[in-house]
Each structure stands twice: as C-alpha cells, then as structure tokens.
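Observations on chain architecture
Below are the chains, spelled out letter by letter.
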Amino acid sequence: MARKSPRSRRKPAPGARVPGKGRARATPGRTRVAVARRTKATPGGARTGPKKKRAVSSRDASKHAPKLAGKRAATPAAPAAAKRPRRFAPPAPARVAALLAGLRAAYPDARCELDFRSPLHLLIATILSAQCTDERVNQVTPKLFARYPDARSLAGADPHELETIIRSTGFYRMKARAILSCCADIVGKHGGEVPRTLESLTALRGVGRKTANVVLGNAYGIPGLVVDTHVTRLANRFGLTRERDAVKIEFALMPLVPRGDWTLFSHWLILHGRRVCNARKPNCSGCPVAAHCPRVGVTVSC
Ligand code: SF4
C-alpha cells in the first residue's frame, strides 16, 4: 500500500481558507449557485442545504409570543424609520415677520420687470419670459405689439412671422403656439379681454398657474403668489417649506405671508435670488436678511 505523504495526511484547520479563494467548488465546472441548488435536497430526502425553519407549535407560540412579536415589529419598522423624513417644523411667525420686514427694506422698489401697457401685453410677455431674461423680452415686445396690438390680431397672426419676431427669446416655436392658442381662447371665450380669475386664466391654452398669478398680481392688482425657480430655492433656504413642487410651495407660503404682500413677496424673492442668494454660491456675508435665514441646504457661500 502506498504511503501517504505527510502533507496529504495533514488535516485542514477548521475554518481555514485559502487566500484569494472562497469555499472550494464541489465539482469542477459547476458554479456555486448550481451546487447550492443541488445541495438543498438529496434524493434520499436528507437535507444538506440551509435548515428549514421549524414550525412553531401553539405551545411554543405562546411561550415565545412576546419575543416573536418584538422581532416582527422590529424587522419591517427599522428600514421604514430610516427612510422616514424628519418632521418639518413650521417657521416661527416672529422670524417670518422679521424676514418680510428685512426683504421689504432691502427691495423697496421691487416691481414686475417686464414692460407692459395692458393685461394682454403682460400675459404675452410672461409667456415669452420662460427660459429667457426680462431684458431680452423687453427688447422683443415693442416690435411684437406694434405689429399685433390686441388678442384678435395675435390670434390670427401668421405663425412664421410670429416665430421670426420672438425668435431671440428661445423656444420660439413652442412660445408661438402658446401665444396663438391662448389668444384664440381669449377671443373665442372672453370677447378679446384677458380674464380676471385664476381659474379662467389657467383654463386658457398655454397659460399655467405661474403666468396667471403674474397677470393677476401685476395687471389687475389681485394678490397672487408667483413661484418660479428663485422663489422655490429661497423658500427652501429660508426654511419656509421643504416642498419642491411649485403648487405645493404656493400653498405652503399662503398662510405665512399676508395676502396683501403676496405679489410683492414674489418680487422680493426673485430680486434677492438674482442679486444675492444665487443658486450656486449665495452671498451670505453680504445678505441683508442673513440674521433671519437658517440657510437650509446651503453648503457653499461667500
Ligand atoms: S443668508 Fe445666505 S442662504 Fe440665506 S438668504 Fe441670505 S444669501 Fe441666501
């Protein structure tokens, strides 16, 4: 009989692993997954895979009930608790009042920066101001309103000519379509006059809630909270809300800001967002309302 070498006789230490390798494969060429499947049950019925949980008898259940209940309660609740957002604490009224006073003092000349002479002109200018500066819109609208002074002429405008006039404001095809369709609605449903309610304005094709609030607040003097990108950012940084959706922000701000200040409040935040609290690097050291701002989400500032 051939003698075994001392090396082959040496028993492997329990739990010893070859560096760089996991558990040895049962059969060369088979993956571990295949081996694991195969070892769940043998033809003889003996299980070699993971142990099946023993059924809990009624006696065991009553004995271990408190423990099991604790486990069941703890297991699904743990990840849910980790994901659950922290409760939002509404801002203190005194802080909001001080913030509003600070903004009012910092921007006493706040107003709509779009040039307009009628509600229709403001409506069209607001449609054109999407993804465009107010200065650029103010350069385009004089020529546009000289060519098409009212809703009837705009509704019947030649699309290509209209596109050519408003081209420099960007997204001109989409904006031309919005102008044509909303003017057609104004002529067809409102006799050529821009309606005075949020519902009627938002019912016009091409007019959203933001545009409607701009028209109501600035052309008709009916308070409207305009929520644009600056208002969204600042309302969050000020800790007034943590919503990101424009409509939800509008409803969150309504009880915090006196109704008479809604239109001005939007102008204050838009000016503050443009001049001081920009998106990338807010100028916190030169901010006139820094004392009332919790700087929510601000990581870099100057
Ligand atoms: S303190 Fe900073 S984050 Fe707060 S409003 Fe002023 S610039 Fe913006």
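Residues numbered from 1 in each chain as written. Predicted model: local features only at pLDDT ≥ 70, side-chain atom pairs only at ≥ 80, totals over all residues.

Some remarks on the overall build of the protein
- Counting secondary structure elements, the protein contains 14 helices and zero strands.
- Shown N-terminal to C-terminal, the secondary structure of the protein runs as helices and strands in the order α-α-α-α-α-α-α-α-α-α-α-α-α-α.
- Looking at the 302 residues of the protein, the share that counts as buried comes to 25%. (Helix = DSSP H or I, 4+ residues; strand = E, 2+ residues; numbered from the N terminus. Buried ≥ 20, exposed ≤ 12 C-beta atoms within 10 Å, placed from the backbone.)

Observations regarding the site of the ligand
- Taken together, 13 residues surround the ligand, and among them Cys-277, Pro-282, Cys-284, Cys-287 and Cys-293 come closest.
- Residues belonging to the shell around the ligand are distributed by class as follows: nine nonpolar, two polar and two charged. (Near = placed C-beta within 6 Å. Nonpolar A, V, L, I, M, F, W, Y, C, P; charged D, E, K, R; others polar.)

A few points about the nonpolar core
- Counting 52 residues, the largest nonpolar core has Ile-179, Val-215 and Val-231 as its most contacted members.
- With seven residues, the single largest contributor to this core is helix H5 (residues 119-128).
- Counting contributing residues per domain, this core is built from domain 1 (93-107 + 226-292) and domain 2 (119-193), each supplying no fewer than three.
- Those residues in contact with Ile-179 that sit more than four places away from it in its chain are Ile-124, Ile-127, Leu-154, Leu-162 and Gly-206. (Core = buried A, V, L, I, M, F, W, Y, C linked by C-beta atoms within 7 Å. Domains from an automatic or database assignment. Contact = placed C-beta atoms within 7 Å.)

Quick notes on helix H14 (residues 262-275)
- For H14, built from 14 residues, the straight-helix expectation of 20 Å at 1.5 Å per residue is met to within 8% by its first-to-last C-alpha distance of 20 Å.
- Within H14, ten of the 14 residues are buried, which leaves it mostly tucked inside the rest of the structure.
- The set of residues buried in H14 consists of Trp-262, Thr-263, Phe-265, Ser-266, His-267, Trp-268, Leu-269, Ile-270, His-272 and Gly-273.
- For H14, the elements touching its buried residues are helix H4 (93-106), helix H11 (209-219) and helix H12 (229-237). (Expected span 1.5 Å × (residues − 1).)

A look at unusual backbone geometry
- The backbone phi angle of Gln-131 is positive, close to 55°, even though this residue is not glycine.
- With respect to the helices, strands and loops of the structure, Gln-131 is situated in the loop between H5 and helix H6 (134-147).
- Residue Gln-131 is classed as exposed on the basis of its C-beta count, with 10 C-beta atoms lying within 10 Å.
- For Phe-171, which is not glycine, the phi torsion reads 45° and is therefore positive.

Quick word on the packing of H5 against helix H9 (residues 172-190)
- Contact pair H5 / H9: the axes reach a minimum separation of 10 Å and the direction vectors enclose 155°. By the criterion of interaxial angle, the relationship of H5 to H9 is roughly antiparallel. Seen from above, H5 lies across H9 with right-handed handedness. Judged by residue contacts, Ile-124, Ile-127 and Leu-128 of H5 engage Lys-175, Ala-178 and Ile-179 from H9. (Axes fitted to C-alpha atoms, helices over the stretch in contact; angles between N-to-C directions. Parallel < 35°, antiparallel > 145°, perpendicular 65-115°, else oblique. Left-handed = near helix turned anticlockwise from the far one by under 90°.)

Section: the environment of Gly-208
- In this fold, Gly-208 is placed in the loop between helix H10 (198-203) and H11.
- C-alpha separation for the pair Gly-208 and Ile-127, spaced 81 residues apart in sequence, amounts to 9.2 Å.

Digging into the confidence of the model for the protein
- Mean pLDDT over the protein stands at 82; residues scoring 70 or higher make up 72%.
- Considering each helix and strand of the protein separately, the mean pLDDT is smallest for helix H2 (residues 32-38), with a value of 47, and largest for H5, with 98.
- In this model residues 24-53 is a low-confidence stretch, pLDDT under 50, and it forms twelve contacts with partners more than four residues away in sequence or in other chains.
- Long-range and interchain partners of residues 65-78, a stretch whose pLDDT sits below 50, account for zero contacts in this model, where long-range means more than four residues apart. (pLDDT = per-residue confidence, 0-100.)

What about the environment of Tyr-107?
- Positionally, Tyr-107 belongs in the loop between H4 and H5.
- You can call Tyr-107 partly exposed: it has 18 C-beta atoms within 10 Å.
- Once you skip the residues sitting within four places of it in the chain, Tyr-107 turns out to touch Trp-268, Leu-271 and His-272.

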